[in-house]
Every structure is written in C-alpha cells, then in structure tokens.
Amino acid sequence: MLEQLGKNAVQAQKYLRTASTKEKNEALTEIAKALREHMQEIIAANQTDLENGRKNGMPAAMLDRLKLDAGRIEGMAKGVMDIAALDDPVGKVLKEIKRPNGLTIQKVSTPLGVIAVIFEARPNVTSDAAALCLKSGNTVILRGGKEAIHSNMAVTKIMREAVGRAGMPKDVISLVEDTSRESSMELMTMNDYVDVLIPRGGAGLIQAVVKNATVPVIETGVGNCHIYVDKDADINKAVQIIFNAKTSRPSVCNAAESLLIHEEIAPKALPAIKQKLDEKDVVLVGDEASRKIEQHIGNATEKDWATEYLDYKMSVKIVASVKEALDHIDQYSTGHSECIVTENTKTAEQFMNAVDSAAVYVNASTRFTDGGEFGFGAEIGISTQKLHARGPIGLPELQSFKYKIYGTGQVR
C-alpha cells in the first residue's frame, strides 16, 4: 500500500517539478475554494475525532489542537491563498559564475522531490503542508495520527479532488490512512520514493523519526521556550507578553514554558505576572527564591526545567544576572524560541547574540514563531536543527538546487 503511494508520488512529482506558477496557483485556488465549500463535511468528520478523543481521555489542550470549526477552516483556506500569493521559489538563479573558459554556471533552485510529513493531532497541517509542497514543486505524502484520522481523510479527499479539477495529478497530495506504528516505520525507510521526511509533533514522535528513519530528515523542534524578565524590564509589558505567550494557545510549540526573572525586579514582577496568569488558572512551579515571593507556587524539580508542558503550567526561576539566565537557557532550551523583556538595548543585544535558538525575541511574545506571522504564508514545522533549514519551514526551505552550465563547445 505505502509502496504504491510512493510510486504514485514519484510519478506526480515528474509533472509538478515543471508545472508553471500559473498552474500551481490555480490548483491552490481550487483547494481554498473547496475547503470553504466543504466546510460542514470537514466539521462533521472532525466531530468524530473530537468525540473519540474525549472518550479516550484526551486533555483539553490537546482537544483544542484537534478541533476544527468554521473560523479555523477559513484560516486554513486563507493560508492556502496566502501561499498562492507568494513568489514561486522554483527556478530562481541563486548565483551566476562566468568562468575564464567561457562557461556560464548558474546555481538554480529546484524542488526537493517527494516529501513525507508525519504529524500528530493538528488537522490543519494537512492543508498547510500540501499547499507549501505544491507551490514549491514537491509532492507530499501525509501521515497524520490516529487522533485526527477522520479529519485528515476528509481534508485530503477534498484537496485531491480540487487539484484534479485544476488539471493536476491527484497524487501530488496523498494520505497514509493506516495509522499503525508499522506504517509510520515503513514510511521512514522508503528511500526509493521519499526524498525528505519532516516530523511535526511532540518529542516522542520527533525522536522516533530521528532514530529510525533511513531517509533524510528535517528535524522540527520541541518547544521549551523561555522568557527572561530583565532587571530593566517594563513590568506591565512583561505581564502582557508572558500572558500571551503562555495562555493564548498553550498546546503549541511556540508557547512559553519557562520563566526567568532577575532578582532585583522579581519582588514586584512575579506577583503581577502570577496575578495575570491566575486568570487562566496557570499552575506555576518554581525554585526556592520564587516560592519565597509567592507561597502558592509549587516546588519545581530538575525535570520541570526541561519540560515542554503544552498545558496551563509554567516553571519559574529567579536569577541573579543575565549571564545566569543565559546559562539556564543554554542548558535546558530545545533551541526553538526565547525572549528577553528589557528596556536596556545593550542587555537586549547581549541576549540576542548569546542565545543559540532558531528565534530570539526582544519585548515580544514567542507565539510569533510561525510561518504565517513571519510572512511565509504557512509552515510545515519549526526546525530547530542547523543544517539546511532553521526556524519556520516555508517555501525556500523546501528547495534544493542544481547547477546549470552553459557552454559553446568547451572541452577539458
């Protein structure tokens, strides 16, 4: 079954790699139109997944990740059209060299080929990944988790029919409907058909792919994201940034999980921050210094400093200096997103230069680490590795390159 999907994807990619921008944009427009027209069908399928999730005791934050409603489906459709509006990344001359012997050498962007995406309970990933791959000239094999299978099947069916109406092979988009562990493992080793594998999900999924895949992997990241409140911070600004970064959508990888506060400002800052977080019943666990300031903060363990909660929970540590904050981040960060809240530009630059993460913020929520917010239209995931792609994976990161050499009869 998966081998046939692979064969079909390879054949479809032969068409897609030379498709014009106009053809690709027409297919994307059809996808967006179909998502809107079949909204109720998608919601009905999603309700089945939500009901199964509740029966299986899925936490509220994870149910929120799984949920699709009219607003979110409209957001999916808009995301597809945003991608259609972006420049075509295929065929761009990245560099041109004219050699003394008369050869002209061009380095030209090309699609990666067949991209497999393994993801968990985020059905919006189906349209984001499919649209990004299509615009960048790549075919995609989607493999979602069992929690969202009905939603994924509905969305994929609608998208395949849409690209077919636009005159493209339907197999530019395909879905692995078998959600067993065996299908996932097989996809990770389909070297004859898959050029790149991108996992998107929790630490367990990502590590399983990294350890078991024989195809090349772009590793997306777990987000143990930190916010450091410097001694020169504006407390009101810090309160709003932390509240947004933690509570606007706690189940996503760019939500803040760890809070560091300078000891000079902590007696005033921590009570104000906790009071605001109490509005969403955020559970705080902290070190001894933070518990002396706020007695209702729980005791943090070593494990807490390294935990991506994906829930209304946050760790708190009081630090004596920006260096101590940087050392803590260096030890426990997953390399995703970190933020400093400060009015001191020198300290801000010190923090920005020293932190080794994909995205580093001054006075802004970590929730902005997102392909749409960065102007990429959407993203397949947030890469925390350093080779080829880092940060939101948009159209440019879904390109490789080749060299075109133009001669007039030269021999060596």
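Shown above is the structure to which this text applies.
Computed from a prediction, not measured in an experiment: that's the story for all the values here.

Asker: Tell me about the overall build of the chain, and please be specific about residues and values.
Answerer: If you tally the helices and strands in the chain, you get 15 helices and 16 strands. For 412 residues, the compact-globule estimate of 2.2 N^0.38 gives 22 Å, and the C-alpha radius of gyration of the chain, at 23 Å, lies within 12% of that figure. Along the longest, intermediate and shortest principal axes, the C-alpha atoms of the chain span 75 × 65 × 35 Å. The long-range fraction of contacts in the chain, counting pairs at least 24 apart against all pairs at least 6 apart in sequence, stands at 72%. When the accessible surface of the chain is summed, it comes to about 18100 Å², and 49% of that surface belongs to carbon and sulfur atoms. Counting 50 positive and 54 negative side-chain charges, the chain places the averaged centre of each group 5 Å from the other.

Asker: So what about the packing of aromatic side chains? Which residues, and what values?
Answerer: Any pair of aromatic rings gets described here by the distance separating the centres and the angle formed by the planes. Per the counting criterion, the structure on display carries three aromatic pairs. Note on Y228 and F351: the rings are 6.3 Å apart at their centroids and 20 degrees apart in plane angle, and the pair reads as stacked. Of the two residues, Y228 is situated in strand β7 (residues 225-229) and F351 in helix α15 (residues 345-354); the sequence distance between them amounts to 123 residues. Here the two residues Y228 and F351 agree in accessibility, since each one is buried. One cation-aromatic arrangement involves K107 over F401; the distance from NZ or CZ to the ring centre is 4.3 Å. The ring of F243 has K276 sitting right over it, with the charged end atom 4.7 Å from the ring centre.

Cut-offs and rules
- Residues numbered from 1 in each chain as written.
- Predicted model: local features only at pLDDT ≥ 70, side-chain atom pairs only at ≥ 80, totals over all residues.
- Heavy atoms only, no water.
- Helix = DSSP H or I, 4+ residues; strand = E, 2+ residues; numbered from the N terminus.
- Rg over C-alpha atoms; globule rule 2.2 N^0.38 Å.
- Contact = heavy atoms within 4.5 Å.
- Areas by Shrake-Rupley, 256 points an atom, 1.4 Å probe, with all protein chains shown as cover.
- Lys, Arg positive; Asp, Glu negative; His and termini not counted.
- Charge placed at Lys NZ, Arg CZ, Asp CG, Glu CD.
- Phe/Tyr/Trp six-rings, centres within 6.5 Å; stacked < 30°, edge-to-face > 60°.
- Buried < 20%, exposed > 50% of the residue type's maximum accessible area, 1.4 Å probe, protein only.
- Lys NZ or Arg CZ within 6 Å of the ring centre and 35° of its normal.

Limitation: the analysis is restricted to geometry and does not speak to function.
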